[in-house]
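A closer look at the structure
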Amino acid sequence: DARPALVSVIWSVLMASGFVGSEVVPQVLEARSTLARLSNGLPTVFEVRYRHQVQPNDSFEMCPGFRSFDLVRRGREVAKDRTGNIVVEVSGRLLMPLYQTQGVDGFFLIRPVRPFWLHLSVWCRRLRLERVARHLPGVHTVPSDPTAVVVNRRVARWFALHLFHLLGYRRIREEGPDLRLSRRPEPDGRRR
């Protein structure tokens, strides 16, 4: 039953966002205790590695028995649709497997993120290393999209991808030997 976890999340979000005050502290403390018990030592931060989108006519059906945070290895069949078996292409933890008939997210694959990388990412962004990274060999800006870069994987090997990942870029699509990366614009709409 997922209700205790959902209720605990709602209480925690209400308190953190300022919608409820100190008058509900016992409920919030109980909610945090419930979440700590239910998370059973799982890492606190995860990165979404894959999202399986479901279209209305896909006849999507999860294989029975999967729960959120189950570890799945690359090549494991997790669902079926009108095109056949769906196997995961990267190992990770399964999140929100879709067992009901409504929804557009079949499942997510996530992996833990170590706090070191989060702190390093903060410092890379504060130092505005993106201005330097955009001038690395094999990296090209996209004039029509200030939030995107194109990385030639033959020239800019793994270091460029990892650096841009620390700077908030995510893979968008492959274009031959190139990889187009993009990130969200600044909250105030400034160009980065």
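Before any of the text, the structure's been laid out above.
It should be emphasised that the depicted structure is a prediction, and the values quoted were computed from it without experimental measurement.

**So, helix α3 (residues 115-126)**
- A rise of 1.5 Å per residue sets the reference length of α3, with its twelve residues, at 16 Å; its end C-alpha atoms lie 17 Å apart and thus fit the reference within 8%.
- Looking one or two residues past α3, Arg128 carries a phi angle of roughly 55 degrees, positive in sign.

**Things to note about the packing of helix α1 (residues 3-16) against helix α2 (residues 25-39)**
- It is the contact of α1 with α2, at a shortest axis distance of 8 Å, that shows an interaxial angle of 130 degrees. It follows that α1 is oblique to α2 by the angle criterion. Between α1 and α2 the crossing geometry is left-handed. Contact residues: α1 offers Pro4, Ala5, Ser8, Val9, Trp11, Ser12 and Met15, while α2 offers Val25, Gln27, Val28, Ala31, Arg32, Thr34, Leu35 and Leu38.
- Looking at the contact of α1 with α2, its residues break down into ten nonpolar, four polar and one charged.

**Considering the environment of Val122**
- In this fold, Val122 is placed in helix α3.
- Spatially, the C-alpha atom of Val122 lies 17 Å from that of Thr44, the residues being 78 residues apart in sequence.

**So, the sheet that holds strand β5 (residues 84-87)**
- Pairing in this open sheet of three strands is antiparallel, and the strands run β2-β4-β5 from one edge to the other. The open sheet is flanked by β2 (61-62) and β5, the only strands paired with a single partner.
- Two elements, β2 and strand β4 (residues 77-81), share two bridges in a ladder whose sense is antiparallel. Across the sheet, residue Met62 finds its bridge partner in β4, namely Ala79.

Criteria and cut-off values
Residues numbered from 1 in each chain as written. Predicted model: local features only at pLDDT ≥ 70, side-chain atom pairs only at ≥ 80, totals over all residues. Heavy atoms only, no water. Helix = DSSP H or I, 4+ residues; strand = E, 2+ residues; numbered from the N terminus. Expected span 1.5 Å × (residues − 1). Axes fitted to C-alpha atoms, helices over the stretch in contact; angles between N-to-C directions. Parallel < 35°, antiparallel > 145°, perpendicular 65-115°, else oblique. Left-handed = near helix turned anticlockwise from the far one by under 90°. Contact = heavy atoms within 4.5 Å. Nonpolar A, V, L, I, M, F, W, Y, C, P; charged D, E, K, R; others polar. Pairing = 2+ DSSP bridges.

None of the figures reported here should be taken as evidence of function without further support.
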